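Survey of secondary and tertiary structure
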Amino acid sequence: MDLTRLRTLRELSVRGTMAAVAEALGISPSAVSQQIALLEAELGIALVERRGRGVHLTPAGARLVLHAETVIGVIEEARTDIAELKRTVAGELRVSAFPSVAAALLPRTIVAIGVSHPSLRIRFDELEPMDGLAALRGWRTDVALIDDLTTLEGIPEATIEAWSLCEDRLCVVLPGRHPLSGRAAVTLRDLRTEIWALDNPDKGYSEVVVEACRAVGFEPKIHAHCHGFEVVQAMVEAGCCISIQPHLRLRDTGRSLCVTELDPPIARQISVAFRRGEGRNPSIAAFLQALARATDSPSRDAMAI
């Protein structure tokens, strides 16, 4: 059985639709369908069935996914064992992270790796946490920086482990002369009449902010959905919007903005995730150590997610 086809079936068991699998694996929906069809033809049994807009595994498909996880896990463990025996920190390491954490932590980490392990090349892809986890499952990245605010609970991640790096909190971002700028902390209800600028609504943290506003009784007036923080910052600096942004993103805003604490706070835990057991890989271990130093985090406890 072809390993790529097994990985495609495993991803389908997690994502539920051909389109979602295609997006996660970076291929077309027709290519996903073809991979599954070829696997079914090879085995002579139906592995999936369509129900409405989604796709569900048949009993045979569910059983094969369990075997696929075992096979893929054994192969990856073998690769890690060989890498550990070679004790070579070299080659290419694929890293994914979402913008605020990537900007705050990755430059220093990559510079440190370049000094201590010049033969190790870091290839970075900007991915939101859920996409980073999907890339880990699909073997399209080796390390993913994630948070616990936007990753969905209950997803099967027995093959992934993570190290806690630091806590980050969401802060209120105001124009410098805003009437609330003198306060030590601001509540969400204090912002109910404001005009807002946020990242695109498909960004997980923006959804969290909107739901938090609804929970205290109002719908935020979002007049600007922005692709990047540069646009959000420009909107706030001009005085036409306020925003709520992760603190890590706000470390170098200078004096043009007022950054105020949110009361009660909304915090997220930043972690670095990798496939279970691959922390023994010398290249991954070297990156994790450099990332830990860049984060200045005292906690290095591994945890399953």
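1. Looking at the overall build of the protein
When you go through the protein residue by residue, the secondary structure sums to nine helices and 13 strands. Burial analysis of the protein (305 residues in total) assigns 47% to the buried set. A sequence separation of at least 24 residues applies to 76% of the contacts in the protein between residues at least 6 apart. Summed over its atoms, the accessible surface of the protein is roughly 14900 Å², and 53% of this surface lies on carbon and sulfur atoms. Charged side chains in the protein number 34 positive and 39 negative. The centres of these two groups are separated by 1 Å.

2. Overview of the nonpolar core
Ranked by internal contacts, the top residues of the largest apolar core, which has 26 residues, are Leu145, Leu165 and Phe287. Elements with a minimum of two residues in this core: strand S3 (91–97), helix H5 (99–116), strand S5 (143–147), strand S6 (160–175), strand S12 (267–275) and helix H9 (282–295). Grouped together as the second largest cluster of nonpolar side chains are 20 residues, Val186, Leu188, Leu198 and Val209 included.

3. Some details on the packing of aromatic side chains
Counted under the stated rule, the structure contains one aromatic pair. Seen in terms of ring centroids, Trp163 and Phe274 are 6.0 Å apart; in terms of plane orientation they differ by 85 degrees. Their pairing is edge-to-face. Taken together, the residues Trp163 in strand S6 and Phe274 in strand S12 connect sequence positions 111 residues apart. Note on Trp163: relative accessible area 23%, which makes it partly exposed.

4. Overview of the packing of helix H1 (residues 3–15) against helix H3 (residues 29–43)
Running from N to C, H1 and H3 cross one another at 115 degrees; their axes reach a closest spacing of 9 Å. Taken together, the axes of H1 and H3 lie roughly perpendicular to each other. For the pair H1 and H3, the crossing hand works out as left-handed. Across from Thr4, Arg5, Leu6, Thr8, Leu9 and Leu12 in H1, the residues of H3 making contact are Val32, Gln35, Ile36, Leu38, Leu39 and Glu42. Tallied by class, the residues present in the contact of H1 with H3 amount to seven nonpolar, three polar and two charged.

5. Side note on H9
With 14 residues, H9 extends 20 Å between its outermost C-alpha atoms, agreeing within 8% with the 20 Å of an ideal straight helix rising 1.5 Å per residue. With eleven of 14 residues buried, H9 is to be regarded as a mostly interior element. Here H9 has its buried residues at Pro282, Ser283, Ile284, Ala286, Phe287, Leu288, Ala290, Leu291, Ala292, Ala294 and Thr295. For H9, the N-terminal capping position is held by Asn281, with its side-chain oxygen 2.9 Å away from the main-chain nitrogen of Ser283. The positive-phi residue at the C-terminal boundary of H9 is Asp296, with phi of around 60 degrees.

6. A look at the pattern of salt bridges
In the structure shown here, the tally under the stated rule is 13 salt bridges. Taking the shortest distance from any N to any O, the salt bridge between Arg123 and Asp125 comes out at 3.8 Å. Under the relative-accessibility criterion, Arg123 is labelled partly exposed at 35%. Close ionic contact of Glu278 with Arg275 constitutes a salt bridge, the shortest N to O distance being 3.0 Å. For the pair Glu278 and Arg275, a shared accessibility class is recorded, and that class is buried. Among the charged side chains, a salt-bridge network with shared partners connects Arg94, Asp142, Arg275 and Glu278.

Quick notes on the rules
Residues numbered from 1 in each chain as written. Predicted model: local features only at pLDDT ≥ 70, side-chain atom pairs only at ≥ 80, totals over all residues. Heavy atoms only, no water. Helix = DSSP H or I, 4+ residues; strand = E, 2+ residues; numbered from the N terminus. Buried < 20%, exposed > 50% of the residue type's maximum accessible area, 1.4 Å probe, protein only. Contact = heavy atoms within 4.5 Å. Areas by Shrake-Rupley, 256 points an atom, 1.4 Å probe, with all protein chains shown as cover. Lys, Arg positive; Asp, Glu negative; His and termini not counted. Charge placed at Lys NZ, Arg CZ, Asp CG, Glu CD. Core = buried A, V, L, I, M, F, W, Y, C linked by side-chain atoms within 4.5 Å. Phe/Tyr/Trp six-rings, centres within 6.5 Å; stacked < 30°, edge-to-face > 60°. Axes fitted to C-alpha atoms, helices over the stretch in contact; angles between N-to-C directions. Parallel < 35°, antiparallel > 145°, perpendicular 65-115°, else oblique. Left-handed = near helix turned anticlockwise from the far one by under 90°. Nonpolar A, V, L, I, M, F, W, Y, C, P; charged D, E, K, R; others polar. Expected span 1.5 Å × (residues − 1). Polar contact = N/O pair within 3.5 Å; in protein donor to acceptor, adjacent residues only side chain to side chain. Salt bridge = Lys/Arg side-chain N within 4 Å of Asp/Glu carboxyl O.

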